[in-house]
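Coordinates in review
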Amino acid sequence: MNLMNLNPGGTILVDPAGTIKNGTYTAGGLSGPIYTKLGLQGTVTPPFDEPIPRNKKRFGQVRVNPIYSGVHDENKAKYRGGNGKPPILIHAFGPARSELKNDTLFLNLLNRTIKSTAQQADHMDPRMEKVVLLPLISAGVYRGSVGGGKYYNQFDNSVKTHFKKRLKKGKLIVGSYKDEEVAMLKGKGYNLVMKLPGEG
């Protein structure tokens, strides 16, 4: 499966790492190449409904940008993704193990983040007509001392619980930019797995 085969207007992009600087999206890491491929990198945007959370008290929460939730105002934003509508963009603020007391709290907050993401996707797309692109959240350096087995099992259990209906409809794509994580996701039975552009 290729990122370029996605229809941006039919996609809900879960962004685990993007930021807004000086009124534009300027994402790096995993989010940067995804933003570029979907035409979001450098896009001028109004503020989110609330500021993107920046402290651990907000772990597990999500934000949706009004422009990418269907309210597309050409006077306020310039979408560079070609023809059609931009994707819905959900910023998922997952936990960082280094800022938490123990692994259990990290895993509970990872579950909360995935649950919040699924609820927001269902709210924006109740008929489940759009495809959700869900990269691994709080992976890599963010999981810190949490072992890979514990992390991947929690991610898998949370996704299969909270995205159950969307999985059955074939409307969920999971992905990573690391070959070993793509193989792990396929090994856990996901039919739609994407190798994402990125570093590593």
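Please read these numbers as outputs of a predicted model, since none were measured by experiment. (Residues numbered from 1 in each chain as written. Predicted model: local features only at pLDDT ≥ 70, side-chain atom pairs only at ≥ 80, totals over all residues. Heavy atoms only, no water.)

1. Side note on the side chain of S158
In this structure, S158 sits in helix α3 (residues 148-162). Note on S158: relative accessible area 1%, which makes it buried. Of the polar contacts made by the side chain of S158, one reaches the side chain of Q154; its length is 2.8 Å. (Helix = DSSP H or I, 4+ residues; strand = E, 2+ residues; numbered from the N terminus. Buried < 20%, exposed > 50% of the residue type's maximum accessible area, 1.4 Å probe, protein only. Polar contact = N/O pair within 3.5 Å; in protein donor to acceptor, adjacent residues only side chain to side chain.)

2. Observations regarding the packing of helix α2 (residues 103-124) against α3
At a minimum axis distance of 9 Å, the contact between α2 and α3 shows a crossing angle of 30°. Judged by the inter-axis angle, α2 sits roughly parallel to α3. For the pair α2 and α3, the sense of crossing is right-handed. Listed contacts from α3 to D103, F106, L107, L110, N111, I114, K115 and A118 of α2 are K150, Y151, Q154, F155, S158, V159 and H162. When the residues that make up the contact of α2 with α3 are grouped by side-chain class, the tally is eight nonpolar, four polar and three charged. (Axes fitted to C-alpha atoms, helices over the stretch in contact; angles between N-to-C directions. Parallel < 35°, antiparallel > 145°, perpendicular 65-115°, else oblique. Left-handed = near helix turned anticlockwise from the far one by under 90°. Contact = heavy atoms within 4.5 Å. Nonpolar A, V, L, I, M, F, W, Y, C, P; charged D, E, K, R; others polar.)

3. Some words on the nonpolar core
Among the nonpolar cores identified, the biggest contains 35 residues, and L134, Y151 and F155 are the most heavily contacted of them. Elements with a contribution of two residues or more to this core: β1 (11-15), β5 (88-92), α2, β6 (131-135), α3, β7 (172-176) and α5 (179-187). Broken down by element, the residue count for this core peaks at seven residues, all from α2. If we ignore the near neighbours within four places in the chain, the residues touching Y151 are F106, L107, L110, L136, I137, S138, A139, R143 and V146. Within the second largest apolar cluster, eight residues are counted, among which are L13, V131, I173 and M194. (Core = buried A, V, L, I, M, F, W, Y, C linked by side-chain atoms within 4.5 Å.)

4. Some thoughts on α3
The end-to-end C-alpha separation of α3 is 21 Å, in line with the 21 Å expected for 15 residues at 1.5 Å each. All of the buried residues in α3 are Y151, Y152, Q154, F155, D156, S158 and V159. Taken together, the buried residues of α3 touch α2, β6, α4 (164-168), β7 and α5. (Expected span 1.5 Å × (residues − 1).)

5. A short note on the environment of G60
Inspection of the secondary structure puts G60 in the loop between α1 (31-37) and β4 (62-64). Classification of G60 by relative accessible area gives buried; the value is 1%. Sequence-distant contacts of G60, that is, excluding residues within four places in its chain, are made with F93, L109, R112, T113 and S116.

Everything listed here is a matter of geometry and, on its own, says nothing about what the molecule does.
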